[in-house]
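Structure assessment
Letter by letter, the chains look like this.
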Amino acid sequence: MTGSDATEAAPLPPLARIPPAIACVADYAAYARERMTPAAWAYLEGGAADELTVADNRAAFDRLKLRNRVLADLSSGHSRLDLFGVAHEYPILLAPVARQALAHPDGERASLLAAAAMRAGMVVSAEADVAVDALAREADTPLWSQLYLSTDRDRALAQLGRAEAAGCRALVVTVDAPVNGPRNREQRLGQPLPAGPGARPAPQVAPGESLFSNPLITAAPTWQDIAWLRTQTGMPLLLKGVTDPADATRALAHGVDGLIVSNHGGRVLDTQLATIDALPAIVAAVDGRVPVLLDGGIRRGTDVFKALALGARAVLVGRPYVHALAAAGAPGVAHVLHLLRVELEMTMAVCGCATLADIEASHVVGAAHA
Ligand SMILES: Cc1cc2nc3c(=O)[nH]c(=O)nc-3n(C[C@H](O)[C@H](O)[C@H](O)COP(=O)(O)O)c2cc1C
């Protein structure tokens, strides 16, 4: 795709100026919608089927309540952490989101510039409009490379080679989408987007045929492919899209270095558990052996805090930064990272946490039991 799918530029929103200010990340959505084509907006915003999981990813955060703590010594506070031997200034990364030229002509390049300026990590999608090795030459920030596995191992090796050439700090294998979910919002609109680079087609099933004879399913990866990939790289390997504790345990037995609790932003399986509700059981199964990250529905610093309190090491954000990308390019993405970080640090201060290590499960009331 090219940037021509982004609509004619409306005036830039006034970012943090008042009035009317963009005060929080959700404020970007309306500007993004104005500036994207209906088809691109449906693709970005939509989820599977009735989009119940999209809504529940958010609602589940809102159901959790916070307990503050008073009079803690905050004088040498910070929100730094280490992930796979790399220092991160704060526990928020940009999630892999495909085809960012649909949002802004500068696409992934703008997101990367923003991540680098704000010293945040970025996970580059397997379906990015710019390949990860080309992107890595443009700015210096911890990059992780996301890929989808199939039985096509040559393809996987080529992707691995690009990730290594790019100096990526980790490899993220997305395992929750052997097929795309039914994207009814896009189907109803009836304006299919042209296929992007690396895009996996939606399965076409003719009447009378079973999905199980579709090539996408017959080439879908299995645990054997994870075992094989493990032998091919020394890079830290994460599985993205694990929500079942038995799967988490099995992933560790396959030598995986980290897990991302994700439901693909509610885009694959509708009525799937909200990620913050799935987190405690995964954290219990992993028992501190590898870092567990989470994405889905993060819109506020309090959401980040709740995820960390329930055992996530860091979080990723998806749609919010692409809204800001569509609205304002790289400065918008940088602003989203800034807003989330400051909101997180405000929450830490009020909850008496000078560092991430001080954030505890007891700060959160109403969490799902492991
Ligand atoms: C438009 C769009 C494209 C996405 N593309 C990918 C992708 O290529 N690979 C992947 O692993 N996840 C992809 N995701 C899922 C995100 O990485 C992430 O799991 C999700 O957006 C998090 O939820 P949030 O949007 O509520 O923050 C995509 C999400 C959106 C909205």
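These figures come from a predicted structure and were not determined experimentally.

Looking now at the site of the ligand. In the vicinity of the ligand, 23 residues are found, and the nearest of them are Pro96, Ser125, Thr174, Asp295 and Arg299. Ala98 is positioned such that a nitrogen or oxygen atom in its backbone is 3.1 Å from a nitrogen atom of the ligand. In this structure, a nitrogen atom belonging to the ligand sits 3.4 Å away from a side-chain N or O atom of His264. Protein chains bury 98% of the 610 Å² of accessible surface belonging to the ligand in isolation. Listed by contribution, the elements that provide at least two residues to the shell around the ligand are helix H2 (38-45) and helix H13 (319-350). Across the shell around the ligand, the residue classes break down as nine nonpolar, nine polar and five charged.

Here the structure, examined in full by the defined rule, presents zero disulfides. In this structure Cys351 is not part of a disulfide, and its nearest cysteine sulfur, from Cys353, lies 5.9 Å away. Given the relative accessible area of 3%, Cys351 is considered buried.

Let us now look at the pattern of salt bridges. Following the criterion strictly, the structure yields 14 salt bridges and no others. A salt bridge links Glu89 to Arg341; its shortest N-O distance comes to 4.0 Å. Of the two residues, Glu89 sits in the loop between strand E3 (86-88) and strand E4 (92-94) while Arg341 sits in helix H13, which places them 252 residues apart along the sequence. Glu343 is the salt-bridge partner of Arg300, the closest N and O atoms lying 2.8 Å from each other. Taken together, the residues span a long stretch of sequence, with Arg300 in the loop between strand E10 (292-295) and helix H12 (301-309) and Glu343 in helix H13 at a distance of 43 residues. The exposure class of Arg300 is partly exposed, given its relative accessible area of 35%.

How each quantity is defined
- Residues numbered from 1 in each chain as written.
- Predicted model: local features only at pLDDT ≥ 70, side-chain atom pairs only at ≥ 80, totals over all residues.
- Heavy atoms only, no water.
- Near = heavy atom within 4 Å.
- Polar contact = N/O pair within 3.5 Å; in protein donor to acceptor, adjacent residues only side chain to side chain.
- Areas by Shrake-Rupley, 256 points an atom, 1.4 Å probe, with all protein chains shown as cover.
- Helix = DSSP H or I, 4+ residues; strand = E, 2+ residues; numbered from the N terminus.
- Nonpolar A, V, L, I, M, F, W, Y, C, P; charged D, E, K, R; others polar.
- Disulfide = S-S within 2.5 Å.
- Buried < 20%, exposed > 50% of the residue type's maximum accessible area, 1.4 Å probe, protein only.
- Salt bridge = Lys/Arg side-chain N within 4 Å of Asp/Glu carboxyl O.

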